[in-house]
Amino acid sequence: MVRKVMEAATAVAEGVKLCKPAVIPLYPITPQTHIVERISEFVNDGDLDCELIHVESEHSAISAAVGSSSSGVRTYTATASQGLALMHEILFVASGMRLPIVMNVANRALSAPINIWNDHSDSVAARDTGWIQLYVESAQEAIDTTIQAFKIAEHNKVMLPIMVCLDGFTLTHVYEPVDIPQQGNVNRFLQKYKPSIKLDTKKPVTMGPIGYPDSFIHFKNQQKEAMLNALQIIKKINSEFNSKFHRKYGDGLIEMYNMKDAEYAVLCAGTICGTARVVIDNLRKTKNMKIGLIKLKSYRPFPVDSLINACKSLKGLAVIDKSFSFGFEGAFFTDVKSTLFNEKNKPLVHSFVGGLGGKDINTKDFEEIFNKIIKTKKPICEWLLKE
Amino acid sequence: MNKTKMIIGKKHKKCKPHKINPGAVVTEPGSSIINKTGSWRSLRPEWDKKKCTQCMSCWMYCPDCSIPVLNNKRIETDFEFCKGCGICAKECIFSSIVMIKEKK
């Protein structure tokens, strides 16, 4: 194992290199550019033997990925923001055709007004496309999750595409110490991809045919089952990864921090979890507050059972969304509430929306959130707008 | 061939979810032959054998495979698949194909 200080985008590219995809269609977009630039360098230097396809748009990038994955080879791509929005149509095709494409999303706001900084609007808007979505907190988690993603996606009980979402700039462009796994260990962890069905002139098949009203719903039912299987497979692969590389991220679906005796907690995803950890340590030490963090790692499939267990003894839970469903509320908030709705012992759930378009959610914001949810007896719904 | 039949929706009631291939993959080749697609035609290409020079333009331009060829010569249009798009009539410079109203 090699420990190096590197940019998270580089770490992701190193992870992709270790997984040896055969085809990478790519189209650069801020803040994903550093990932595909590093990958292009690897290919140019002869460190990675793969077919790079320079396409004319993200719609073409994901379409090319659908084509190459159909032919039965490991396929990777990466995008962000407007690029992910442009892919939207084909995202459904990839999941409907059950193609295990792995894609990194460098989370960034959507226009207008035009904004290149981080929030989760782009990937949350692609929530219902049938893709598995995993959110990561650190450069180490980004590389580890990218390696795991190939194994999860290609598992014969899953066969679904995966988005590994990392925060634009606040993670992609940040330098951190990273353990790069050795190629041999990755080879043992991630076997060669052997699809059960592929496009092959020797054994012709039809992919992407019409689905009549009588059969269409059954294919969608299969997708639903595959997503439910993914809940178990993600957990299994997380612990398998731990036994080989000695690193794990909660149960693979959610990660809990100081939750054993916690009465109040925040739930969030991505890099702000790091800020939350610092505030929790601080307030526990200075004010003896019984507080904790639930880090949402897998957003789709939604970790219902893990979450219910985590919230059993809580009195209050603040859900922090870095995206918003206009006309209603934050998407994480909606899902957490509906998960807990039929439970007997459930916390009061509060909503805080912040960090849109790269606005910082800092330690002071977290302190205020904890103070507010401990004091209140009524649910709070508010936006973090202060300077 | 059973799987193919289920996907193209011919025998609806026998369709069971566990028999359907994930991703809607049809593993039997040639399934489009069973799936007749000529039923929604509102115009019908009428071919005049006498005017036809066998130039094969219609065969080349047909977006389906509705103009069968036998011994290097085109024969009557395959109406089980012809959707009546009219491209053959448009492309025929000898006016040997005319579109007429389909009677059902």
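Read on for a plain summary of the structure. Just so you know, the residues in each chain are numbered from 1, in the order the chain's sequence is written. Chain letters and ligand numbers both follow the written order, the letters beginning at A and the numbers at 1. It should be noted that, the model being predicted, local features are given only for residues of pLDDT at least 70 and side-chain atom pairs only at 80 or more, the latter also being counted only at that level, while totals for whole chains, interfaces and linings use all residues. Only heavy atoms go into the side-chain values, all of them from the structure, while hydrogens and water stay out.

## A closer look at the layout of surface pockets
Residues and elements named next belong to chain A. Of the pockets and cavities examined, the largest pocket occupies roughly 620 Å³. Counting residues per element, the ones that place at least two in the lining of the largest pocket are α3 (58-70), α6 (139-154) and α8 (213-245). Polar here means any residue outside two lists: the nonpolar Ala, Val, Leu, Ile, Met, Phe, Trp, Tyr, Cys and Pro, and the charged Asp, Glu, Lys and Arg; Gly therefore counts as polar. Partitioned by chemical class, the residues of the lining of the largest pocket number 13 nonpolar, nine polar and nine charged. Looking at the second largest pocket, it is lined by 23 residues, and the ones nearest its centre are L110, S121, S323, F324 and F326. Secondary-structure elements contributing two or more residues to the lining of the second largest pocket are α5 (121-125) and α11 (331-340). Grid points spaced at 1 Å and placed over the protein atoms alone form the basis of the search, with a cavity being a set where a 1.4 Å probe fits but cannot get out and a pocket an open set showing protein on both sides within 12 Å along at least five of seven lines. Lining residues have an atom within 4 Å of a point. Grid points are joined across faces, edges and corners, and a volume is the space filled by probe spheres set on the points. For the purposes of this entry, the term helix denotes a DSSP run of H or I that reaches at least four residues, the term strand denotes a run of E that reaches at least two, and both are numbered from the N terminus.

## A short note on the packing of aromatic side chains
All names here are of chain A. For this analysis, a ring pair means two rings from Phe, Tyr or Trp (six-membered ring only for Trp) whose centres lie within 6.5 Å, classed as stacked if their planes differ by under 30 degrees, edge-to-face if by over 60, and tilted for the remaining angles. Applying the stated criterion across every chain yields a total of 10 aromatic pairs over all chains. Centre to centre, the rings of Y76 and F150 are 6.4 Å apart; their planes meet at 35°, and the pair counts as tilted. With Y76 in strand β4 (residues 76-79) and F150 in helix α6, the pair connects residues that are 74 residues apart, well separated along the chain. No difference in accessibility class separates Y76 from F150, as the two residues are buried. Feature note: the residues Y135, Y299, F302 and F332 constitute an aromatic cluster, connected by ring pairs. Above the face of the Y299 ring, R300 is positioned so that its terminal group lies 4.6 Å from the ring centre. The buried label applies to any residue whose accessible area, calculated with a 1.4 Å probe on protein chains only, is under 20% of its type's maximum; exposed applies above 50%, and partly exposed to all values in between. Distance and angle both matter: a charge sits over a ring if NZ of Lys or CZ of Arg is within 6 Å of the ring centre and within 35 degrees of the ring normal.

## Things to note about the sheet that holds strand β6 (residues 132-135) of chain A
Residues and elements named next belong to chain A. Note: two strands are recorded as paired if DSSP finds a minimum of 2 bridges between them. In space, the five strands of this open sheet follow the order β4-β5-β7-β6-β12, with mixed pairing throughout. Both outer strands of the open sheet, β4 and β12 (298-300), are each paired with one neighbouring strand and no more. Looking at each pair of strands side by side, their axes are set apart by 25° on average, direction ignored. Where β4 lies against strand β5 (residues 102-107), four bridges are found, and the strand directions are parallel. In this description, a line fitted to the C-alpha atoms serves as the axis of each element, helices being fitted only across the stretch in contact, and the angle between N-to-C directions of two axes falls anywhere from 0 to 180 degrees.

## Observations concerning a nonpolar patch on the surface
Together, B:W59, B:M60, B:Y61, B:V69 and B:I87 make up a nonpolar patch on the protein surface, roughly 500 Å² of accessible area in all. By the element assignment, B:Y61 lies in helix α2 (residues 57-61). Here, patches come from residues exposed beyond 30% relative accessible area and free of salt bridges, joined within 9 Å for like charges and within 5 Å for nonpolar side chains (Val, Leu, Ile, Met, Phe, Trp, Tyr). Residue burial considers only the protein chains on display, and all accessible areas are found by Shrake-Rupley using a 1.4 Å probe. Criterion for a salt bridge: a side-chain nitrogen of Lys or Arg within 4 Å of a carboxyl oxygen of Asp or Glu.

## Focus on the pairing of strand β7 (residues 162-167) of chain A
Residues and elements named next belong to chain A. The buried fraction of β7 is high, at six of six residues. With burial as the criterion, each face of β7 is covered, one bearing I162, V164 and L166 and the other bearing M163, C165 and D167. As judged from the six bridges shared by β5 and β7, these two strands associate in the parallel manner. Within the sheet, the bridge partner assigned to M103 lies in β7 and is M163. As defined by bridge partners, β6 adjoins β7 across four bridges and the pair is classed as parallel. The residue of β7 that forms the bridge with I132 is I162. Considered for its hand, the β-α-β crossover made up of β6, α6 and β7 is right-handed. Classification remark: right-handed applies to a crossover when, strands pointing away from the viewer, the course from the first strand over the helix to the second runs clockwise.

## So, the side chain of A:E58
Residues and elements named next belong to chain A. Within the secondary structure layout, E58 lies in helix α3. Among buried Asp, Glu, Lys and Arg side chains, E58 stands out as unpaired, with R108 the closest opposite charge at 7.9 Å. For E58, the contacting residues outside a window of four places in its chain are Y27, P28, I29, T79, G83, L86 and M87. The charge count treats Lys and Arg as positive and Asp and Glu as negative. His and the chain ends do not count. Every residue pair with non-hydrogen atoms within 4.5 Å of one another is taken to be in contact.

## Topic: α3(A)
Residues and elements named next belong to chain A. Relative to the 18 Å expected for 13 residues at 1.5 Å per residue, α3 spans 18 Å between its end C-alpha atoms, a close match to the ideal helical length. Of all 13 residues in α3, 10 are buried, a share of seventy percent or more. By the burial criterion, the buried members of α3 are E58, S60, A61, I62, A64, A65, V66, S68, S69 and S70. Where α3 is buried, its residues touch β2 (23-26), β3 (51-54), β4 and α4 (81-96). Here a polar contact means two N or O atoms within 3.5 Å. Within protein one must be a hydrogen donor candidate and the other an acceptor candidate, and residues neighboring in sequence count only if both atoms are side-chain atoms. Backbone nitrogen of H59 and a side-chain oxygen of the N-cap are separated by 3.2 Å at the start of α3; the cap is S57. In the segment just after α3, G72 is the residue with positive phi, at about 90°. Every helix has an expected span of 1.5 Å times one less than the residues it contains.

## What about unusual backbone geometry?
Residue and element names in this part refer to chain A. Residue A112 is reached from S111 by a cis peptide bond, and omega for that bond is 0°. Mapped onto the elements of the fold, A112 is located in the loop between β5 and α5. Each neighbour pair has its own omega, and for A112 with P113 the value is -5°, a cis peptide bond. Relative to the assigned elements, P113 resides in the loop between β5 and α5. With a phi close to 45°, S81 is a non-glycine residue in the positive phi region. Tracing the sequence through the fold places S81 in helix α4.

## Here's the deal with the pattern of salt bridges
Residues and elements named next belong to chain A. All chains considered together, the criterion is met by 29 salt bridges over all chains. Residue E37 pairs with R38 through a salt bridge whose shortest N-O separation is 3.8 Å. D167 is the salt-bridge partner of K322, the closest N and O atoms lying 3.8 Å from each other. Taken together, the positions of K322 in the loop between β13 (316-321) and α11 and D167 in strand β7 put the pair 155 residues apart, joining distant regions of the chain. D167 shares its class with K322; the two are buried. Connected via shared salt-bridge partners are E137, E141, E255, R277, K295 and K297.

## Some remarks on the state of the cysteines
Here, the word disulfide means a covalent bond between the sulfur atoms of two cysteines. The disulfide definition used here is simple: a pair of cysteine sulfur atoms within 2.5 Å. In total, this model carries zero disulfides over all chains according to the counting rule given. The structure places no disulfide on A:C165, whose sulfur is separated from the nearest cysteine sulfur, that of A:C273, by 13 Å.

## So, α8(A)
All names here are of chain A. Spanning 33 residues, α8 covers 47 Å between terminal C-alpha atoms, matching the ideal 48 Å at 1.5 Å per step. The seven residues ending at a residue and the seven starting there each receive a fitted axis; the angle between those axes is the bend at that residue. L231 marks the point of greatest bend in α8, at about 30°. Looking one or two residues past α8, H246 carries a phi angle of roughly 60°, positive in sign.

## So, the nonpolar core
One broad trend across soluble globular proteins is that nonpolar side chains are buried collectively. Residues and elements named next belong to chain A. The biggest cluster of nonpolar side chains holds 53 residues, and the ones touching the most others in it are I24, I39, Y76, I132 and I147. For this core, the leading source of residues is α8, giving nine residues. For I132, the residues in contact, after removing those within four places along its chain, are I152, V158, L160, P161, I162, M163, M227, A230, I234, R300 and P301. Remark: nonpolar core denotes a set of buried residues (Ala, Val, Leu, Ile, Met, Phe, Trp, Tyr, Cys) joined through side-chain atoms within 4.5 Å.

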